[in-house]
2 protein chains.
Amino acid sequence: MELPIDVTRRQSDIIIEAARLFREKGYLATSIRDISEALEMTSAALYYHFKNKEEILLAIMNVGLDGLMTAVTQAISREKSIWERIRAALEVHLEISLTYQDFAFVLLKDLRHLSPEWQGSIIAKRDAYDNLWDEMLLEGREAGIFRENVDLELLRLMTFGAVNLVISWYKPSGVYQPKEIADAFLEFIGEGVLTDQAIAAYQILK
Amino acid sequence: MELPIDVTRRQSDIIIEAARLFREKGYLATSIRDISEALEMTSAALYYHFKNKEEILLAIMNVGLDGLMTAVTQAISREKSIWERIRAALEVHLEISLTYQDFAFVLLKDLRHLSPEWQGSIIAKRDAYDNLWDEMLLEGREAGIFRENVDLELLRLMTFGAVNLVISWYKPSGVYQPKEIADAFLEFIGEGVLTDQAIAAYQILK
DNA sequence: GTCTATACTCTGATAGAC
DNA sequence: GTCTATCAGAGTATAGAC
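A short tour of the structure in this document, coming up.

**Things to note about the overall build of chain A**
- For chain A, the count of helices and strands is ten helices and zero strands.
- Seen in sequence order, chain A has helices and strands lined up from the N terminus as α-α-α-α-α-α-α-α-α-α.
- Across its three principal axes, chain A shows a C-alpha extent of roughly 60 × 40 × 30 Å.
- Taking all 206 residues of chain A together, 48% fall into the buried category.
- Residue pairs in contact within chain A that sit at least 24 positions apart in sequence constitute 69% of those at least 6 positions apart.
- Of the roughly 10600 Å² of accessible surface on chain A, a fraction of 54% belongs to carbon and sulfur atoms.
- Where the 22 positive side-chain charges of chain A centre and where its 32 negative ones centre are 3 Å apart.

Quick look at the structure:
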């Protein structure tokens, strides 16, 4: 697994293992010793690579958000129509969230364990990602994809909410792949929010 | 606030205050001293009322689940048609979850901090509640309320998922009341899962 | 970069007086 | 039923040798 930011090889090992443990046991329930033992090093050695436990949490969150933002931005830029951009964004969002489940999980659950200053920096990054979606959904509405009465912020929240639900079931070994789940999801919410015109277009694309 | 199970007055105080703190700071981040100081007593005094910290968590979960089960069961028994029973169950589920938010929150987030044995007892109780819903939704499908292709377990999961989303925004001081939110939710998912016949019936009932 | 050793703090929990 | 006093253990983090 390659991490998208400027960290040393050893830092990257620590981030990946810590994310796994934070997900498995929770941030507070995971001790510095748990992490170091899983990496077959002493707890003191960890402090050479990170200033403290909180900085490991911060690194996990930054890696997770940067990875998601980069992947979704790239996916969007490859598509021409707004409909295809939304579909691709959903698929890649799901794919990244499911592939890097530990990061997605920590991002969702452990913001409160960051000090207020760091919390602010992560929230700002998350807001930028949310904005990307809101702009895309707005463009979608202007293009007549969504019914007039659909609240777009609510739609984004429900979309992310559904994705988070999926994270709690999904096993990488299972039969469903992110693309299939994204399609099933579009189908499920489809009749509720999409216009007849959009549904017809979707049938053609499949 | 009256608690529905057999606890002393002081135990009830502790349960309510602990639930508030567990929600605010998290179970592990809340110390026995935090709870006792909030109640203006010493940490040792707490141990007269509960054997240990875990038993407080268990009591919160039992109170929360019993309260939900009782309220929803009663609401269902008051309604005649399956459609009205489902609508009433949704409304009361929301109302209880929003009125006793601390309990709902702890129930959702802190199961992992219970020892395996206690976890089993809470999961069994939760399964009984889920079953109540599944039976009701099944009856609804047999009565022709839901489209044939709707997966009922998925519907329940998405319903609870949406409710959980609401819990994270809802402020009791706000303008929206549980009944209004339940109606808005029915409207939102309505066109996706309900049959035309059910929608028509719903319009009449409003 | 990693180790040993250790300082310091906070935690859950108990004993025993009142 | 609540208190004072206290303990054992675990937690984060650091100092300094290699």
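Continuing now.
**Some points on the protein's contact with DNA strand C**
- The local shell around DNA strand C holds 15 residues, among which Thr42(A), His49(A), Ile32(B), Tyr47(B) and Lys53(B) are the closest.
- Within 4 Å of the protein, the contacting atoms of DNA strand C are drawn from sugar and phosphate to the extent of 50%.
- Thr42(A) has a polar backbone atom sitting 2.7 Å from a phosphate oxygen of DNA strand C.
- At 3.0 Å, a side-chain N or O of Tyr48(A) approaches a phosphate oxygen of DNA strand C.
- Secondary structure elements with two or more residues in the surface near DNA strand C: α3 (43-49) of chain A together with α2 (32-38) and α3 (43-49) of chain B.
- Among the residues forming the surface near DNA strand C, the class breakdown is seven nonpolar, five polar and three charged.

**Here's the deal with the relation of the copies chain B and chain A**
- The two copies are related by a screw motion: chain B maps onto chain A through a turn of 180° and a shift of 0.0 Å along the axis, at an RMSD of 0.0 Å. The superposition operator between the copies reduces to a two-fold rotation axis.
- Interface overlap between copies is the fraction of interface residues in one copy that are interface residues in the other; for chain B against chain A it reaches 100%, indicating a shared surface.

**Thoughts on the pattern of salt bridges**
Residue and element names in this part refer to chain A.
- Applying the stated criterion across every chain yields a total of 26 salt bridges over all chains.
- Between Arg20 and Glu17 there is a salt bridge, with its nearest N and O atoms 2.7 Å apart. Residue Arg20 and its partner Glu17 are both found in helix α1 (residues 9-25); the two are separated by three residues, about one turn of the helix.
- The residue Asp66 makes a salt bridge to Lys125 at a minimum N-O spacing of 3.0 Å. A residue pair is termed long-range when its members are at least 10 positions apart, and Asp66 in helix α4 (residues 53-78) and Lys125 in helix α7 (residues 116-142) qualify at 59 residues.
- Each of Asp130, Asp134, Glu153 and Arg156 takes part in one network of salt bridges that share partners.

**Side note on the packing of helix α5 (residues 82-99) of chain B against helix α8 (residues 152-169) of chain B**
Residue and element names in this part refer to chain B.
- Put simply, α5 and α8 touch, their axes get as near as 10 Å, and they point 35° apart. Here α5 runs over α8; the crossing is right-handed. When α5 is examined against α8, the residues Leu90, His93, Leu94, Ser97 and Leu98 are found in contact with a partner set consisting of Thr159, Phe160, Val163, Val166 and Ile167.
- Taken together, the residues that form the contact of α5 with α8 break down as seven nonpolar, three polar and no charged.

**Here we look at helix α6 (residues 101-109) of chain B**
- Considered for burial, the residues of α6(B) that qualify are Gln101(B), Phe103(B), Ala104(B), Phe105(B), Val106(B) and Leu107(B).
- Where α6(B) is buried, its residues contact α1 (9-25), α4 (53-78), α5 and α8 of chain B.

**A look at the protein's contact with DNA strand D**
- With respect to spatial proximity, 15 residues lie near DNA strand D, and among them Ile32(A), Arg33(A), Thr42(B), Tyr48(B) and His49(B) are the closest.
- Of all atoms in DNA strand D that approach within 4 Å of the protein, 52% are sugar or phosphate atoms.
- In this structure, Lys53(A) approaches DNA strand D through a main-chain N or O atom, which is 3.0 Å from a phosphate oxygen.
- One nitrogen or oxygen atom from the side chain of Arg10(B) is found 3.2 Å from a phosphate oxygen belonging to DNA strand D.
- Counting residues per element, the ones that place at least two in the surface near DNA strand D are α2 (32-38) and α3 of chain A together with α3 of chain B.
- With four residues, the single largest contributor to the surface near DNA strand D is α3(B).
- Of the residues belonging to the surface near DNA strand D, the class tally is seven nonpolar, five polar and three charged.

**Here we look at the environment of Arg33(A)**
- Following the sequence through the fold, Arg33(A) ends up in helix α2.
- Note: C-alpha distance between Arg33(A) and Asp6(A) (27 residues apart in sequence) is 25 Å.

**Concerning the interface of chain B and chain A**
- Opposite the 21 residues of chain B that make contact, chain A presents 21 residues.
- Summed over the shared surface of chain B and chain A, the result is zero salt bridges.
- Linking chain B to chain A there are four residue pairs in polar contact (both at pLDDT 80 or more).
- When contributions to the side of chain B that touches chain A are tallied by element, the ones reaching two or more residues are α1, α8 and α9 (178-193) of chain B.
- By residue class, the composition of the side of chain B that touches chain A is twelve nonpolar, three polar and six charged.

**Observations concerning the packing of α1(A) against helix α6 (residues 101-109) of chain A**
All names here are of chain A.
- The N-to-C vectors of α1 and α6 enclose an angle of 60°; their axes lie 8 Å apart at closest approach. In terms of their interaxial angle, α1 and α6 are classed as oblique. Crossing geometry of α1 relative to α6 is assigned as left-handed. Counted together, Ile15, Ile16, Ala19, Arg20, Phe22 and Arg23 of α1 and Gln101, Asp102, Phe103, Phe105 and Val106 of α6 form the full contact between these two elements.

**Notes on α5(B)**
- Spanning 18 residues, α5(B) covers 25 Å between terminal C-alpha atoms, matching the ideal 26 Å at 1.5 Å per step.
- The buried fraction of α5(B) amounts to 16 of the 18 residues, a majority that puts the element mostly inside the structure.

About the criteria used
Residues numbered from 1 in each chain as written. Chains lettered and ligands numbered in written order. Predicted model: local features only at pLDDT ≥ 70, side-chain atom pairs only at ≥ 80, totals over all residues. Heavy atoms only, no water. Helix = DSSP H or I, 4+ residues; strand = E, 2+ residues; numbered from the N terminus. Buried < 20%, exposed > 50% of the residue type's maximum accessible area, 1.4 Å probe, protein only. Contact = heavy atoms within 4.5 Å. Areas by Shrake-Rupley, 256 points an atom, 1.4 Å probe, with all protein chains shown as cover. Lys, Arg positive; Asp, Glu negative; His and termini not counted. Charge placed at Lys NZ, Arg CZ, Asp CG, Glu CD. Near = heavy atom within 4 Å. Polar contact = N/O pair within 3.5 Å; in protein donor to acceptor, adjacent residues only side chain to side chain. Nonpolar A, V, L, I, M, F, W, Y, C, P; charged D, E, K, R; others polar. Least-squares fit on C-alpha atoms with pLDDT ≥ 70 in both. Salt bridge = Lys/Arg side-chain N within 4 Å of Asp/Glu carboxyl O. Axes fitted to C-alpha atoms, helices over the stretch in contact; angles between N-to-C directions. Left-handed = near helix turned anticlockwise from the far one by under 90°. Parallel < 35°, antiparallel > 145°, perpendicular 65-115°, else oblique. Expected span 1.5 Å × (residues − 1).

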